[in-house]
Amino acid sequence: PRGRDREQNKCYQAAWEMEKGIAAMAACYQTFDPAAYLQYNYTPPRADLTRKDSIVPWKLACLHRAFTEDDVSGELLLDIGSGPTLYQVLSGCEVFNKVLMTDFLEVNRQELRRWVQDAGGCSLDWTPYLQHVCKLEGRRYTWTEKATRLRRVIVDVLPIDVHRPQPMAPDALPAAGADCLVSCFCLESVSPDLAAFTRALGHIRKLLKPDGHLMLIGALGESYYLGGPGLKIPVVPLNEAQVCASLKESGFTLIRLEVYNLPRDMRIGVDDVTGVFFAKAKKK
Ligand SMILES: Nc1ncnc2c1ncn2[C@@H]1O[C@@H](CSCCNC[C@@H]2Cc3ccc([N+](=O)[O-])cc3CN2)[C@@H](O)[C@H]1O
């Protein structure tokens, strides 16, 4: 019996450590500053749309290509951990006629709602992003037409917690799940360790219909980032092999992995990212 108690105790200890790590991450996010975060990552040099080797144009090109391939189709695109950003759905909004944005924090959901409701007071002007994606799409319509479409197709901005086996409210999605998932820079920066990252992938996989696609962007080699002035948020550092292994282990088939290595002048002290990955994967 003692052996069994020791086993149960070890299992309990592991569960307790996991919960503690997740709670610690949630505590870090209580003072997340959307405006500062946008300033750090979504203005030049990282978002210099005139520079081919800037990070944001690379991300927008990956998303444009992935969403315009003919294996991607359906009704509902779900963005996991949207944060206060919109760039990640600028291509997808032309393929799906419903987009659901989600985030853990009300401050981020409010930031997104302000843009959707065109109520003014947004922390960042997304015009250059809209114009850039219109160019990628062959200027079939003006950026204002794209903005109008995006405001129409974003049907809601909902709470999410990727550490819960059921990350969203039960009635948030159709029974079959979303037709496609997109998630950018979220999982690795909300997970205390690699196991939690992989588990979170398994949780969001359940929100996706069978054969649906996951477009996943994330940071490589990142151990922290600034979520606001002086707010260092820990990140689980990933390499390409770990990303591929976690996708496989959590029930995805990898279709393509692309990697961007940060040039020196993109390392501006807001994090210690060495690279960015883009993965297009399919629910097995
Ligand atoms: N439990 C949770 N479930 C879901 N979402 C959650 C949860 N907890 C927090 N969140 C939510 O997830 C968060 C998403 S923002 C996370 C920032 N990721 C790291 C940052 C991003 C970035 C951007 C651009 C570039 N670059 O090179 O161009 C590099 C980097 C690397 N640094 C935040 O919205 C939070 O509110």
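Residues numbered from 1 in each chain as written. Predicted model: local features only at pLDDT ≥ 70, side-chain atom pairs only at ≥ 80, totals over all residues. Heavy atoms only, no water.

### Some points on the packing of aromatic side chains
Reasoning step 1: For the structure on display, the rule yields 9 aromatic pairs.
Reasoning step 2: On the basis of an interplanar angle of 35° and a centroid distance of 5.8 Å, the ring pair of Tyr 29 and Phe 32 is categorised as tilted. Residue Tyr 29 shares its accessibility class with Phe 32, and that shared class is buried.
Reasoning step 3: One Lys or Arg, Arg 151, reaches over the ring of Trp 115 and ends 3.9 Å from the middle of that ring.
Reasoning step 4: Against the face of Tyr 224 rests Lys 232, its NZ or CZ located 4.3 Å from the ring centre. (Phe/Tyr/Trp six-rings, centres within 6.5 Å; stacked < 30°, edge-to-face > 60°. Buried < 20%, exposed > 50% of the residue type's maximum accessible area, 1.4 Å probe, protein only. Lys NZ or Arg CZ within 6 Å of the ring centre and 35° of its normal.)

### With respect to the site of the ligand
Reasoning step 1: In the vicinity of the ligand there are 25 residues, among which Asp 103, Asp 161, Val 162, Phe 185 and Glu 222 approach most closely.
Reasoning step 2: Contact between the ligand and Asn 108: an oxygen atom at 3.1 Å from a side-chain N or O atom of the residue.
Reasoning step 3: Out of a free accessible area of 750 Å², the ligand has 99% covered by protein chains.
Reasoning step 4: Judged by the fraction of its atoms near the pocket grid, the ligand is located in the largest pocket.
Reasoning step 5: For the shell around the ligand, the secondary structure elements donating two or more residues are α2 (34-41) and α3 (55-68).
Reasoning step 6: Residue classes in the shell around the ligand are distributed as 14 nonpolar, 5 polar and 6 charged. (Near = heavy atom within 4 Å. Polar contact = N/O pair within 3.5 Å; in protein donor to acceptor, adjacent residues only side chain to side chain. Areas by Shrake-Rupley, 256 points an atom, 1.4 Å probe, with all protein chains shown as cover. 1 Å grid on protein atoms, 1.4 Å probe; cavity = no way out; pocket = protein on both sides within 12 Å on 5 of 7 lines; lining within 4 Å. Sits in = over half its atoms within 2 Å of the grid points. Helix = DSSP H or I, 4+ residues; strand = E, 2+ residues; numbered from the N terminus. Nonpolar A, V, L, I, M, F, W, Y, C, P; charged D, E, K, R; others polar.)

### Describing the nonpolar core
Grouped burial of nonpolar side chains is what soluble globular proteins tend to show.
Reasoning step 1: Ranked by internal contacts, the top residues of the largest apolar core, which has 88 residues, are Tyr 87 and Tyr 129.
Reasoning step 2: Look past the residues within four positions of Tyr 87 in its chain and what remains in contact with it is Tyr 42, Lys 59, Leu 60, Leu 63, Trp 126, Tyr 129, Cys 184 and Phe 185. (Core = buried A, V, L, I, M, F, W, Y, C linked by side-chain atoms within 4.5 Å. Contact = heavy atoms within 4.5 Å.)

### Points about the sheet that holds strand β2 (residues 98-103)
Reasoning step 1: Read from one edge to the other, the open sheet built from 7 strands follows the order β3-β2-β1-β4-β5-β9-β8, with strand pairing classed as mixed. The sheet is open, and its two edges are formed by β3 (154-159) and β8 (252-261), each paired on a single side. Direction aside, neighbouring strands of the sheet carry axes that sit 15° apart on average.
Reasoning step 2: With 5 bridges joining them, β2 and β3 adopt parallel strand pairing. (Pairing = 2+ DSSP bridges. Axes fitted to C-alpha atoms, helices over the stretch in contact; angles between N-to-C directions.)

### With respect to the side chain of Ser 183
Reasoning step 1: One can find Ser 183 in strand β4 (residues 178-184).
Reasoning step 2: Other than its neighbours up to four places away in sequence, Ser 183 contacts Asp 79, Ile 80, Met 215, Leu 216 and Ile 217.

### Description of the packing of α3 against helix α5 (residues 127-136)
When two helices pack together, their arrangement is given by the angle between the helix axes and by the axis-to-axis distance.
Reasoning step 1: The N-to-C vectors of α3 and α5 enclose an angle of 45°; their axes lie 11 Å apart at closest approach. With respect to α5, the axis of α3 lies oblique. The interaxial crossing formed by α3 with α5 has right-handed handedness. Across the interface between the two elements, Val 56, Pro 57, Leu 60, Ala 61 and His 64 of α3 pack against Tyr 129, His 132, Val 133 and Leu 136 of α5.
Reasoning step 2: In the contact of α3 with α5, the residues fall into 7 nonpolar, 2 polar and no charged. (Parallel < 35°, antiparallel > 145°, perpendicular 65-115°, else oblique. Left-handed = near helix turned anticlockwise from the far one by under 90°.)

### Considering empty space enclosed by the protein
The gaps of empty space that remain are located by a probe, the size of a water molecule, rolled over the atoms.
Reasoning step 1: Considering all chains together, one arrives at 1 cavity of 30 Å³ or more under this definition.
Reasoning step 2: The wall of the largest cavity is formed by Leu 38, Pro 84, Leu 86, Glu 111, Leu 112, Trp 115, Cys 122, Ser 123, Leu 124 and Trp 126.
Reasoning step 3: Of the residues forming the lining of the largest cavity, the biggest block, 3 residues, is contributed by helix α4 (residues 106-116).
Reasoning step 4: A breakdown of the residues in the lining of the largest cavity according to their chemical character gives 8 nonpolar, 1 polar and 1 charged. (Points joined across faces, edges and corners; volume = space filled by probe spheres on them.)

### A look at the packing of α5 against helix α6 (residues 143-153)
Reasoning step 1: Remark: α5 packs on α6, axes separated minimally by 9 Å, with the N-to-C direction vectors making an angle of 105°. The orientation of α5 with respect to α6, classified from their angle, is roughly perpendicular. In this structure, α5 uses Thr 127, Leu 130, Gln 131, Val 133 and Cys 134 to contact α6, whose residues at the interface are Trp 143, Lys 146 and Ala 147.
Reasoning step 2: Across the contact of α5 with α6, the residue classes break down as 5 nonpolar, 2 polar and 1 charged.

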